[in-house]
Amino acid sequence: MIQSKGYAAQNAETDLAPWNFEHREVGPHDVQLEILYCGVCHSDLHQIKNDWFPGIFPMVPGHEIVGKVIKVGDHVKNFKVNELAGVGCMVDSCQVCENCKADLEQYCLEGSTQTYNGKGRDGVPTYGGYANTIVVREEFVLHISEKLSLAATAPLLCAGITTYSPLRHWKVGKGHKLAVLGLGGLGHMAVKFGVAFGAEVTVLSTSPNKEAAAKALGAHHFVVTSDAEQVKAVTGTFDFILDTVSADHDMNMYLSLLRTNGTHIVVGVPAPYPIHPFSLIGGRKSLAGSGIGGIKETQEMLDFCAENNIVSDIELIDIKDITASYQRMVKGDVRYRFVIDMKTL
Ligand code: NAP
Ligand code: ZN
């Protein structure tokens, strides 16, 4: 076994703290990374706090992983030692069901294996990127360009693909009015992609103090959702809303901002919320959801970012400050993604 060290939550009540654990030996089809940076996703906090379902503890979070390949199995064809590589939210899937065959491993009919807070097909718990190393089967490892800042590339592995994939699926672009709901880690990437794809982008935010920053990211308009006049002015105007909100919010109010035939795409995962049927019926609106993206599309997104010089706006942190960083993230006080510098482990 490979001796590994990281930060883990021992249960849903305690803060993360240093923890030593083991990864499997590098198998013939595996790649081992030395983790250099790992992004901090709101999903990490939801999961260590059991917000969605009872977690598997001890839990080492982190699914925005970039680093250097340090070992490859005998049958690995696509990766070499010393190359840069990344790992996102999944580390395995059945590879044979109709969704896996359609490059939609995130919707694997047997369930894809999550990078952490999951169990591998061997039944062993998976441990994520707040750690010095990880072992992953080759098919779930991504190539990372040397052209971009490596630390600022890490969030692309989740925040990037989770916003890129729905915008591509619904072909959001020129001629569309796109509203990005919530300007956090996912939201700021949605703004960058929406602008890059040619849409007219409005940020819908609870934070008036983010307006200048939203415009600097390329957003064309900014609406403070607590201001009734501003909300009234955009009611019935959007073709798409990409909803990245992590906490309770009034879905019926947001659905009223769509124009006829508009689509509200949910990617944020707060607690369940009520939706009135009339909110959808009036104006023939669609309510949709989207989960991360398949491996092929994740590589396509990374390549698109390298070509178009797109990275995340980050604040680099010391791993010992992770709990304070979670507290700041909950308050919306991060521009726009914390990334752990793994040298500090
Ligand atoms: P984040 O950085 O904390 O951003 C969330 C943003 O939501 C905040 O910055 C804030 O933006 C807004 N917000 C917070 N509370 C709100 C409220 N009560 N009402 C309205 N807006 C509120 O989080 P993140 O990392 O981007 O993740 C966002 C959500 O997506 C999380 O629930 C996460 O678990 C989920 N997620 C889903 C997938 C998927 O595959 N579907 C993948 C990754 C993450 P403003 O200050 O602008 O209002
Ligand atoms: Zn995530």
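Every value quoted in this text rests on a predicted model; they were computed, and no experiment measured them.

Peer 1: Quick one: what's the story with the packing of aromatic side chains, residue by residue and with numbers?
Peer 2: Scanning the entire structure with this criterion turns up nine aromatic pairs. Measuring from centroid to centroid gives 4.9 Å for Phe-21 and Tyr-127, while their planes differ by 55°, and the two rings are tilted. Taken as a pair, Phe-21 in strand E2 (residues 17-23) and Tyr-127 in the loop between strand E7 (113-114) and strand E8 (133-137) lie far apart in primary sequence, 106 residues in all. Residues Phe-21 and Tyr-127 agree in their burial class; the two are buried. On the basis of an interplanar angle of 55° and a centroid distance of 6.4 Å, the ring pair of Phe-193 and Phe-304 is categorised as tilted. Within this pair, whereas Phe-193 is found in helix H5 (residues 185-196), its partner Phe-304 is found in helix H10 (residues 295-308), the two being separated by 111 residues in sequence. Among the residues examined, Phe-193 registers a relative accessible area of 0% and is labelled buried. Members of the aromatic cluster, joined through ring pairs, are Tyr-164, Phe-193, Phe-197 and Phe-304. The residue whose ring lies beneath Arg-168 is Phe-197, and the NZ or CZ to ring-centre distance is 3.9 Å.

Peer 1: Requested: an account of the pattern of salt bridges, with residues and values cited.
Peer 2: Close approach of charged atoms allows side chains of opposite charge to pair. Scanning all chains against the criterion turns up 13 salt bridges. The shortest N-O distance in the salt bridge between Asp-30 and Arg-24 comes to 2.9 Å. Taking the relative accessible area as the measure of exposure, Arg-24 reaches 35% and is therefore partly exposed. Across the salt bridge formed by Arg-121 and Glu-110, the nearest N and O atoms sit 3.9 Å from each other. Of this pair, Arg-121 sits in the loop between E7 and E8 while Glu-110 sits in the loop between helix H2 (98-101) and E7, placing them 11 residues apart in sequence. A residue is classified by how much of its surface remains accessible, and Arg-121, at 40% relative accessible area, is partly exposed. Within this structure, Asp-92, Arg-137 and Glu-139 form a network of salt bridges that share partners.

Peer 1: Give me the coordination of the zinc ion (ligand 2): which residues, what numbers.
Peer 2: In the first shell of the zinc ion (ligand 2), the protein supplies Cys-41 (SG), His-63 (NE2) and Cys-158 (SG), at 2.0 to 2.2 Å from the metal. In terms of primary sequence, the donors binding the zinc ion (ligand 2) are separated according to C-x21-H-x94-C. Highlighted residues: Cys-41 in the loop between strand E3 (30-39) and helix H1 (42-48) and Cys-158 in the loop between helix H3 (150-153) and helix H4 (159-169), separated in sequence by 117 residues. Cys-41 sits in the buried class, given a relative accessible area of 2%.

Peer 1: Just give me the short version of the site of ligand 1, but keep the residues and values in it.
Peer 2: In the neighbourhood of ligand 1, 30 residues make up the surrounding shell, with His-42, Ser-205, Thr-206, Ser-207 and Arg-337 lying closest. The separation between an oxygen atom of ligand 1 and a polar side-chain atom of Thr-206 is 2.6 Å. Across the complex, the protein chains shield 89% of the 920 Å² of accessible surface that ligand 1 would expose by itself. Going through the elements one at a time, H1 and H5 are the ones with two or more residues in the shell around ligand 1. Per-element tally for the shell around ligand 1: the top contributor is H1, with three residues. The class makeup of the residues in the shell around ligand 1 is 11 nonpolar, 16 polar and three charged. The residues that make up the shell around ligand 1 include at least three from each of domain 1 (2-158 + 293-344) and domain 2 (162-289).

Peer 1: Any chance you could break down the environment of Gly-27 for me, citing the residues and the numbers?
Peer 2: Looking at where Gly-27 falls in the secondary structure, it is placed in the loop between E2 and E3. Along the primary structure Gly-27 and Val-136 are separated by 109 residues, whereas in three dimensions their C-alpha atoms are 9.2 Å apart.

Peer 1: Just give me the short version of the packing of H4 against H10, but keep the residues and values in it.
Peer 2: Where H4 contacts H10, the two axes come as close as 10 Å, and the packing angle between them is 100°. As judged from the angle between their axes, H4 and H10 are roughly perpendicular. On H10, the residues touching Gly-160, Ile-161, Tyr-164, Ser-165 and Arg-168 of H4 are Glu-297, Thr-298, Glu-300, Met-301 and Phe-304. In terms of residue class, the contact of H4 with H10 is made up of four nonpolar, three polar and three charged.

Peer 1: Before we move on, can you summarise a nonpolar patch on the surface with the specific residues and values?
Peer 2: The grouping of Trp-52, Phe-53 and Val-269 at the surface amounts to a nonpolar patch, some 260 Å² of accessible area in total. The exposure class of Val-269 is partly exposed, given its relative accessible area of 39%.

Peer 1: Residue-level account of the UniProt feature "domain: Enoyl reductase (ER)" (unreviewed entry) in the protein chain, with values.
Peer 2: When the UniProt feature table is mapped onto this chain, "domain: Enoyl reductase (ER)" (unreviewed entry) is found at residues 13-340. Within the segment residues 13-340, helix and strand shares are 26% and 25% respectively, and the terminal C-alpha atoms sit 22 Å apart.

Peer 1: Give a detailed account of the pairing of strand E14 (residues 258-266), specifying residues and quantitative values.
Peer 2: In terms of strand pairing, strand E13 (residues 238-243) meets E14 through five bridges, oriented parallel. Residue pairing across strands places Phe-240 opposite Thr-263, the latter belonging to E14.

Peer 1: Account for the packing of H4 against H5, with residues named and values stated.
Peer 2: Where H4 contacts H5, the two axes come as close as 8 Å, and the packing angle between them is 45°. Between H4 and H5, the angle falls in the class oblique. Where H4 crosses over H5, the two elements pack in a sense that is right-handed. Residues Ala-159, Gly-160, Thr-162, Thr-163, Tyr-164 and Leu-167 of H4 form the contact with H5, whose own contacting residues are Gly-185, Leu-186, Met-189, Ala-190, Phe-193 and Gly-194.

The rules behind these values
- Residues numbered from 1 in each chain as written.
- Chains lettered and ligands numbered in written order.
- Predicted model: local features only at pLDDT ≥ 70, side-chain atom pairs only at ≥ 80, totals over all residues.
- Heavy atoms only, no water.
- Phe/Tyr/Trp six-rings, centres within 6.5 Å; stacked < 30°, edge-to-face > 60°.
- Helix = DSSP H or I, 4+ residues; strand = E, 2+ residues; numbered from the N terminus.
- Buried < 20%, exposed > 50% of the residue type's maximum accessible area, 1.4 Å probe, protein only.
- Lys NZ or Arg CZ within 6 Å of the ring centre and 35° of its normal.
- Salt bridge = Lys/Arg side-chain N within 4 Å of Asp/Glu carboxyl O.
- Donors = N, O, S within 2.8 Å, 3.2 Å for Na, K, Ca; no water.
- Near = heavy atom within 4 Å.
- Polar contact = N/O pair within 3.5 Å; in protein donor to acceptor, adjacent residues only side chain to side chain.
- Areas by Shrake-Rupley, 256 points an atom, 1.4 Å probe, with all protein chains shown as cover.
- Nonpolar A, V, L, I, M, F, W, Y, C, P; charged D, E, K, R; others polar.
- Domains from an automatic or database assignment.
- Axes fitted to C-alpha atoms, helices over the stretch in contact; angles between N-to-C directions.
- Parallel < 35°, antiparallel > 145°, perpendicular 65-115°, else oblique.
- Contact = heavy atoms within 4.5 Å.
- Patch = residues over 30% accessible without salt bridge, like charges linked within 9 Å, V, L, I, M, F, W, Y side chains within 5 Å.
- UniProt positions renumbered as here; feature names shortened; annotations may be inferred.
- Pairing = 2+ DSSP bridges.
- Left-handed = near helix turned anticlockwise from the far one by under 90°.

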